[in-house]
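# Observations on the model geometry
This is what each chain is made of:
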Amino acid sequence: MKAFQGERQMEIKIVALPGDGIGPEVVGSALQVLEACRRRHGLRLEVQTLPVGGRALDEYGEPLPDHVLEACLESGVILLGAVGDPRFDENPPERRPENALLRLRRELGLFANLRPIRLSAALTDASPLKPEIVRGADLLFVRELTGGIYFGQPRGLEVRDSERVAFNTEVYAESEIRRIARVAFEAARLRRKRVHSVDKSNVLESSQLWRAVVIEVAAGYPDIELRHILVDNCAMQLIANPLQFDVLLTSNMFGDILSDEAAMLTGSIGMLPSASLGDSQGNRQPGLYEPVHGSAPDIAGTGKANPLATVQSLALLLRFSLGRDDLAAEVEGAVERVLQQGVRSADLAGGGGPAATTEEVTRAVLDALEQ
Ligand code: IPM
Ligand code: MG
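Throughout what follows, the structure given in this document is the object of discussion. Treat the numbers as computed from the prediction; the structure is a model and nothing was measured. (Residues numbered from 1 in each chain as written. Chains lettered and ligands numbered in written order. Predicted model: local features only at pLDDT ≥ 70, side-chain atom pairs only at ≥ 80, totals over all residues. Heavy atoms only, no water.)

### Regarding the pairing of strand S7 (residues 163-167)
Where burial is concerned, little of S7 is hidden: zero out of the five residues are buried. Here five bridges tie strand S6 (residues 156-160) to S7, and the two strands are oriented antiparallel to one another. Each bridged residue has a counterpart across the sheet, and for leucine 157 the counterpart in S7 is alanine 166. What sits between the antiparallel neighbours S6 and S7 is a turn of two residues, in which aspartate 161 has the positive phi angle 45°. (Buried < 20%, exposed > 50% of the residue type's maximum accessible area, 1.4 Å probe, protein only. Helix = DSSP H or I, 4+ residues; strand = E, 2+ residues; numbered from the N terminus. Pairing = 2+ DSSP bridges.)

### Structural notes on the pattern of salt bridges
If you walk through the whole model with that rule in mind, you get 30 salt bridges. Taking the shortest distance from any N to any O, the salt bridge between aspartate 89 and arginine 96 comes out at 3.7 Å. Exposure remark for arginine 96: the relative accessible area of 24% places this residue in the partly exposed category. Of the charged contacts, one joins arginine 178 and glutamate 174 as a salt bridge, the two residues approaching to 2.9 Å between their closest N and O atoms. A residue pair is termed a helical-turn pair when its members lie 3 or 4 positions apart in one helix, as arginine 178 and glutamate 174 do in helix H6 (residues 174-189) at four residues. For glutamate 174, a relative accessible area of 41% puts it in the partly exposed group. Connected via shared salt-bridge partners are Asp138, Arg191, Arg192 and Asp246. (Salt bridge = Lys/Arg side-chain N within 4 Å of Asp/Glu carboxyl O.)

### Digging into the side chain of asparagine 306
Counting through the fold element by element, asparagine 306 comes out in the loop between strand S12 (287-291) and helix H10 (308-320). Take asparagine 306: its relative accessible area is 4%, and that puts it in the buried class. Of note is the side chain of asparagine 306, whose polar atom sits 2.9 Å from the backbone nitrogen of leucine 308. When residues no more than four places from it in sequence are discounted, the contact partners of asparagine 306 are Val26, Gly270, Met271, His293, Ser345, Asp347 and Leu348. (Polar contact = N/O pair within 3.5 Å; in protein donor to acceptor, adjacent residues only side chain to side chain. Contact = heavy atoms within 4.5 Å.)

### Here's the deal with the site of ligand 1
Surveying the vicinity of ligand 1 reveals the residues Glu98, Arg105, Arg115, Arg143, Tyr150 and Asp256. Here an oxygen atom of ligand 1 and a side-chain polar atom of arginine 105 are 2.7 Å apart. Take aspartate 256: an N or O atom from its side chain is 2.9 Å from an oxygen atom of ligand 1. Relative to its unbound accessible area of 320 Å², ligand 1 is 78% covered by the protein chains. Taken atom by atom, the bulk of ligand 1 overlaps the second largest pocket. Taken together, the residues of the shell around ligand 1 break down into one nonpolar, no polar and five charged. (Near = heavy atom within 4 Å. Areas by Shrake-Rupley, 256 points an atom, 1.4 Å probe, with all protein chains shown as cover. 1 Å grid on protein atoms, 1.4 Å probe; cavity = no way out; pocket = protein on both sides within 12 Å on 5 of 7 lines; lining within 4 Å. Sits in = over half its atoms within 2 Å of the grid points. Nonpolar A, V, L, I, M, F, W, Y, C, P; charged D, E, K, R; others polar.)

### Digging into the layout of surface pockets
Its volume calculated, the second largest pocket comes out at about 670 Å³. Lining of the second largest pocket is provided by 26 residues; of these, Glu98, Leu101, Leu102, Arg105 and Tyr150 occupy positions nearest its centre. Counting residues per element, the ones that place at least two in the lining of the second largest pocket are strand S3 (77-82), helix H4 (98-107), helix H9 (252-263) and S12. Its residues assigned to classes, the lining of the second largest pocket shows ten nonpolar, six polar and ten charged. (Points joined across faces, edges and corners; volume = space filled by probe spheres on them.)

Shown next as structure tokens:
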């Protein structure tokens, strides 16, 4: 899971999947930032933009057409906007836009979802929580992404005794738990050395195995403090006392739910980037980088979308898949300066002051990069 070094002269292929809703707007912003990095540092890269989600359903009748999946498998480095479109709400699961994302995660083996949640000092007032509770919040979700109830068999919807019955299965093999636990402990080593493993072991066998395997893995990391926390209590503690958390290790569904909740620590889900990583292959670290916020169809085309989650996802792409920590830090520094200047998209502006449009925020980031 380490970012690879070297190979700086190699031509890098990146697949951009803008997708639905505000996806094209925020990916557009991030690609402008990438273009600025390319110009400034002579990066050799090629960006291929392809349809996914509802767009692909319109054009090809399926959310992830074969040629798009193949391009993603070949490149291994993907910047995605969002998938999700209410027009397809009644479709069966495999023909919903979201299925594109689930299949991509699965087919590329992207089992480790990293969601850093850091409250910028400039945004302390944007959080709905009291400043003394959230100031300095800095946590990292390490969410298992290719297993659990999202993919478990059996699943289905059928009629039994003349009523409809629906079922899904939470299933984890110990190998799946072990590899995601390792990612969490390794990440903690580079941070404040604490892991909270989230489970529901007072009720679920899958959580009992989760806890047992995490304890086994922890034996190899004596320098890391391991705490176990039940998911319901974790939901409460994230609001009551977020500063106690460093790395949170979760199953697929618990991480989905808790990371949206924790997003509000930063004032807006429009600030949250993510990286979904698989096992590195040779000098290649496959990864899919996307904002956590989703397609937000209600504000698509209005200029209200906050591009910073996607710009920060691009920074993660530079760090992990391109091995360019220096460029990632440059982009993150530019974002921080823009926030310090008081530039606020609609989600962060609240009642006070006029909001900056997607384009204006992007321009501010590009200007900050040149400083
Ligand atoms: C997320 C999203 C996805 C998930 C959806 C769009 C399938 O909510 O990445 O958090 O549930 O994993
Ligand atoms: Mg989610």
